[in-house]
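# Fold and geometry: a report
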Amino acid sequence: MLFDLNNKLKTFHKGGVHPPEHKLSEHAAIEELPLPRQVVIPIFQHIGKPPKIVVERGDEVKVGQIIAVHEGFVSSNIHSSVSGKVGRIDEVIDSSGFRRMAVNVRVKDDVWDESIDRSDNLVTEIPFAPKEIVEKIMEAGVVGQGGAAFPSHVKLSVPEGKHIDTLIINGVECEPYLTADHRLMLERPHEIMVGTKILMKALGVDRAIVGIENNKLDAIELIEKVSREYDGISVESLKVQYPQGGEKQLIEALLGREVPSGGLPMDVGAVVHNVGTTYSVYHAVQKNKPLIERVVTVTGKKVKKPANYMVRIGTSVTELIEASGGLPENTGKIVSGGPMMGKALGDMDVPIAKATSGILLIPTFESKRSEVYNCVRCGKCIEACPMGLEPYHLMLLGKGKNTDEAKEENILDCIECGSCSFICPSNRPILDYIRFGKSSVRKAENNQ
Amino acid sequence: MNDIILYTILILVSLGIAAAIILYVVSLKFKVKEDPRLPEVMDALPNTNCGGCGFPGCSAFATELVNADDLGPYHCPVGGNDVMKEVADILGMEVEEKDPFIAVVKCAGAIGVRKQFSEYDGAATCTIASDLYSGERGCSDGCVGLGECVDACDFDAMYMDEYTGLPVVVEDKCTACNACVKACPKDIIQLWPKGKKNKRIYVACVNEDKGGTARKNCSLACSGCAKCADECKYDAITVENNLAKIDYETCKLCGKCVVACDVRNIVADHFKQEQLDKLAERRDARLEKEKEARIAERQKAKAEAQAAKQSGEQKPLDEKLNDSAVPEKTEKEEVSTNQNPDVV
Amino acid sequence: MSTTLLTVAPSPHIHQELTVPQIMRGVIYAMLPALALSVYVFGIGAVNVTVIAIVSCAFFEYLICTYLLKTKSSVADGSAIITGMLLAFNVPSNLPWYIVVIGSAVAIGIGKMSFGGLGNNPFNPALVGRVFLLISFPVQMTSWPEPVASWSIDGATGATPLGLLKDGLRVGDTVPAIMNEMPSNVDFLLGFQGGSLGEMSGVALILGLIYMLYRKIITWHIPISMVVTIFILTGLFWLINPEKYADPVFHILTGGVLLGAIFMATDYVTSPFTHKGMLIFGVGIGIITVLIRLFGAYPEGVSFAILIMNAFVPLINRYTKPRRFGNKPVTNG
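Below: a short report on this structure. Along each chain, numbering runs from 1 in the same order as the chain's sequence is written. For naming, the first written chain is A and the first written ligand is 1, with later ones following in the order written. Where local features are concerned, this predicted model is filtered to residues with pLDDT of at least 70; where side-chain atom pairs are given and counted, the filter is 80 or more; whole-chain, interface and lining totals use all residues. Side-chain metrics rest on all non-hydrogen atoms present in the structure, leaving aside hydrogens and water.

Secondary structure counts use DSSP, requiring at least four H or I residues in a row for a helix and at least two E residues in a row for a strand, with both numbered from the N terminus. Scanning chain B for helices and strands turns up 13 helices and nine strands. Taken over the C-alpha trace, chain B has a radius of gyration of 31 Å; the compact-globule value for 344 residues is 20 Å, which it surpasses by more than 25%. Based on the C-alpha atoms only, the size of chain B along its principal axes is roughly 135 × 50 × 35 Å. Relative accessibility thresholds used throughout: buried, under 20% of the residue-type maximum; exposed, over 50%; partly exposed, between the two (1.4 Å probe, protein chains only). Here chain B holds 344 residues, and 39% of them are scored as buried. In chain B, once contacts between residues fewer than 6 apart in sequence are set aside, the share between residues at least 24 apart is 57%. Radius of gyration here uses only the C-alpha atoms, and the compact-globule reference equals 2.2 Å multiplied by the residue count raised to the power 0.38. Contact between two residues is taken to exist if any of their heavy atoms lie within 4.5 Å; hydrogens are not considered.

For the rest of this paragraph, the subject is helix H2 (residues 44-69) of chain C. Residues and elements named next belong to chain C. Here a helix's expected span is defined as the number of its residues, less one, multiplied by 1.5 Å. Spanning 26 residues, H2 covers 36 Å between terminal C-alpha atoms, matching the ideal 38 Å at 1.5 Å per step. All of the buried residues along H2 are Gly45, Ala46, Val49, Thr50, Ala53, Ser56, Cys57, Ala58, Phe60, Glu61, Ile64 and Cys65. In this fold, the buried residues of H2 make contact with helix H1 (20-42), helix H3 (79-89) and helix H4 (97-112). Two residues or fewer after H2 comes Lys70, characterised by a positive phi angle close to 55°.

Let us look at a negative patch on the surface. Residue and element names in this part refer to chain B. A patch consists of residues whose relative accessible area exceeds 30% and which take part in no salt bridge; residues with like charges are grouped when within 9 Å of each other, and nonpolar side chains (Val, Leu, Ile, Met, Phe, Trp, Tyr) when within 5 Å. Surface accessibility in these figures is a Shrake-Rupley result with a 1.4 Å probe; residues are shielded only by whichever protein chains are displayed. Here, a salt bridge means any Lys or Arg side-chain nitrogen found within 4 Å of an Asp or Glu carboxyl oxygen. In this tally, Lys and Arg are treated as positive and Asp and Glu as negative; His is ignored, and so are the chain termini. By convention, the point assigned to a charge is CZ for Arg, NZ for Lys, CD for Glu and CG for Asp. Together, Asp82, Glu86, Asp89, Glu94, Glu97 and Asp99 line one region of the surface with negative charge. Take Asp99: it is sitting in the loop between helix H4 (80-91) and strand E1 (101-105). Residue classification places Asp99 among the exposed residues on the basis of a relative accessible area of 57%.

This paragraph deals with the interface of chain C and chain A. Between chain C and chain A, the residue contacts involve 41 residues of the former and 63 residues of the latter. In short, buried area is how much 1.4 Å probe accessible area vanishes from two parts on joining, totalled over both. Note on chain C versus chain A: buried area summed over both sides is about 4300 Å², and carbon and sulfur give 55% of it. When the buried surface of chain C facing chain A is broken down by residue, His13(C), Phe273(C) and Phe325(C) rank first, second and third, together holding 22% of it. Between the two partners, chain C and chain A, sit six salt bridges. Arg323(C) is the salt-bridge partner of Glu258(A), the closest N and O atoms lying 2.8 Å from each other. A 3.5 Å cut-off defines polar contacts: any pair of N or O atoms within that distance qualifies, except that in protein one atom must be a possible hydrogen donor and the other a possible acceptor, and neighbouring residues in sequence count only when both atoms are side-chain atoms. Taken together, chain C and chain A are joined by 28 residue pairs in polar contact (both at pLDDT 80 or more). Among the residues making up the side of chain C that touches chain A, the classes are represented as 18 nonpolar, 16 polar and seven charged. Gly is put with the polar residues, along with every residue not named as nonpolar or charged; the nonpolar set is Ala, Val, Leu, Ile, Met, Phe, Trp, Tyr, Cys and Pro, and the charged set is Asp, Glu, Lys and Arg.

Here we take up the pattern of salt bridges. Residues and elements named next belong to chain A. Scanning the entire structure with this criterion turns up 35 salt bridges over all chains. Residues Lys305 and Glu31 are paired through a salt bridge, measuring 3.4 Å at the closest nitrogen-oxygen approach. Separated by 274 residues along the polypeptide, Lys305 in the loop between strand E13 (293-299) and strand E14 (307-312) and Glu31 in strand E1 (residues 30-32) bring together distant segments of the chain. One salt-bridge network, in which partners are shared between bridges, spans Asp110, Arg118, Lys289, Glu293 and Arg312.

To continue, consider the interface of chain B and chain C. Of the residues lining the interface, ten residues belong to chain B; the matching set on chain C comes to seven residues. Carbon and sulfur atoms supply 73% of the area that chain B and chain C bury against each other, a total of about 750 Å² over both sides. A per-residue breakdown of the area chain B buries against chain C is headed by Phe117(B), Glu119(B) and Leu132(B), which together make up 51% of the total. At the junction of chain B and chain C, the tally comes to zero salt bridges. For the pair chain B and chain C, the interface holds three residue pairs in polar contact (both at pLDDT 80 or more). Of all the secondary-structure elements, those providing two or more residues to the side of chain B that touches chain C are strand E2 (118-120) and helix H5 (126-132) of chain B.

Our next topic: a nonpolar patch on the surface. Residue and element names in this part refer to chain C. Together, Leu213, Trp220, Ile224, Val228, Phe231, Ile232, Leu236, Val249 and Leu279 line one region of the surface with nonpolar side chains, adding up to about 750 Å² of accessible area. Examining the composition of the nonpolar patch, we find that five residues originate from one element, helix H11 (residues 221-240), more than from any other. Accessibility expressed as a relative area gives 32% for Leu279, which makes it partly exposed.

Written out as structure tokens, the structure reads:
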């Protein structure tokens, strides 16, 4: 093990775990999912303010037509992903697990908005000024597609006084099972590279690093080859370790800089974008195509055909599962996203959102938590925590609603990666209570 | 040998005397001045440290009471009027009697009443479950059923009913300390006046969804049909956001709203069944009469309209409606809600 | 509507496989080689003591859980069995049964359950039991049967190598003279020294260590730092005066150093959380052990050293908190 090549690669230096990878769908090429008969487009898919709906029941919409306009800066536009007639506008339970506004669109045909360039030819020229680029990205409703769904234009608007020197493209995909980013890098490398150049121009930086974990050797090789055609972009292969895809961990792994507690990546001169986001940025800027579809992995140990699909936003999860051979018998849990940070769905009939990177079907025998034992003070959670926190302690503080001490122990630094709960030999619900503690600390802060 | 024992005794005795003197001097010098009434008030308070008074514990409350000019804003829910009276006597002040309160659970969505869609498997507290998603049952406003209120209760006054999956308040033990109200993430529990002879009437629902959606998820949900509000003579019931709310200060506990509710979602504690049956009977009889009257009216109107049509006029119908005033109008609504397939 | 309900829980949705009962089982497996050798050397006495200790530990845990604490019995997690085994490892194989039972009662009752059960005890329960017995029954606890491979019940009794050393030094013998009468270090390593059940064979204990490291049940930090500290300290004294102090290899292989380093000090509950803390803990145990052995009244000091350092664990934890991400200390640039 000492001479393992993997150990010489870059990685982050604090904590981390290595869950079994199970990348079942890594060799399945991205397929275009047939148009659904109806889509339910959730209006609030991002962090920030919910946008304002601008269509009414009965309106005819085209693909790419705007249906909800952003409210304020930290918000995002929502576009119709299909063409047809607007149906009910009502609250539905979306992938967040809560009842939120959504627009139903009954699909009629596939008429696209005229301004969208649907051709496949690569446009490498970037004639726009940085400001125009940010504007276009904002108009297209691009949000981070790694999971958090933070509006991308906000990340590109660097406040005065901050200097950015490096753009990091996140191709880590450290979550087990998921392969959406992996396939995208293999099949659309040029689009990602041009997207990177666009982001570099928008930020005014001349260095970009694509970070890819070492379990995607083919992608590393390909992106390395392709990146030679583009100035300033380099590829770094990283040791496989969870949660390397976390912004703070990735910056530390690649640049050796630690984002200060409570700070943003901008504070250390870096901006991180996911490869999926970069791909959407390319389309938004060069092709005028808003974020209306994304790659979603459908996977699971019992799934007949683990696959990666190009899916229109708002398509029901049921439809994706059907395309992958139907719901396997004894499915106990459906997770939107990866197994470490994804959200379990209470219902199959949930629309795909901009940040849905995968649908994971977990069989019954793995879906339930095991018996909880006393904390044996083994310290494994402390060794696993990538933020250098003491999860066992934070759990107790959260449980006891001791908000002052919890805040002092940096509970708000927790990135909710789940390494502590994953590693705990006593199966303690550490992260559950830390989340609880975080929300009570925030509540206490708001009350002050 | 004897000398040793003697010396030992002498040394110990002198040490003891010296220490006693030091302690005495120190206790005199550093004496904390304290209101002499404070310990008395402390003794009068129940010393449960529940926080129901809004202060972190009984001693903090006692300090506050001793320094207060007026006892009006202060109340110990656990001790109730007796204790407050005692405190007032100690402090030489007056205190108003306050109606005792009790916690009521405003959700009737028992197991079987609400459809279950998923199974929650995280840490077993209501707050964590409700932060995660809208819940394992249809109604996202209803009781989560993990018993955080029971855990919060210091007085053993709550338990989870095995069959309904809902919390139950033990009347004799509940002190209205507000702990369960604060613990509940869905705001289902509310403090309610205990009422004369323990009688109280409240709506056991907090769901503000539209009637159809609410009923689809829970067969006992309040759909906001307003029948109860129409029945109330004292304007104690308001319907806002598809939910009926009873104002306990104006409610006269007549019980008419209870029988007006289609799904019997209005809870009447400690009412005699005969009384309610009688009210229901009376209401049915009245409804029947009104229905007949209305049918007659309608027929009359029809006949008149026909007559008007024949004579080329169409006005009288509107006038008729204006004439028939409020009770008639509510009648219409009742009928229309009854015909609504979502409700029945 | 599907018939089975979907499960919804907060993330993460997967879990690593090593759970507490599995860890406990792993520790038991790791102790088996030493136990086997002990049975081979001490015969039926070793079996008796071990079985009595395990059974009575489990029994007391069950009793206390069910009748005093009124909670679900925690015997199933296996920690009481480990306590019983460790207690047996720490006593002579000819100890009368009632003393073993008393030791178990103290270990479980006072050492563990009085603090609230698994995970809450500040001191290693087996060592609490052992030290209690050592103080209450000094004669029985320090007369060890001779390590002759036999199943005969009435073997001769004698002292441990460390005891012989201490006694020899007290009457004025030099170390080389005493050493001449004792088996070689190789014999100690293989396991033919008088002493408690589990501390005779270095090889068997090291086998257990390798197994636990392989299963990732423990890390190397505590055992290595403790043994290395003892080696260095005793080595220094030996270099200064070989007439008065025994050689470091002798110190490591005799007595309870290996048993303590591998099985007692590494107890999760009573050792520090972080690797840095574990190193401090191991070094501390090493220093105290050497001090007791070389300058104390008792010939052996591992048990006391571990218990003393157990008391320091909260303090060590306090001062070896992990460095928070994003708060780089000045020294680290």
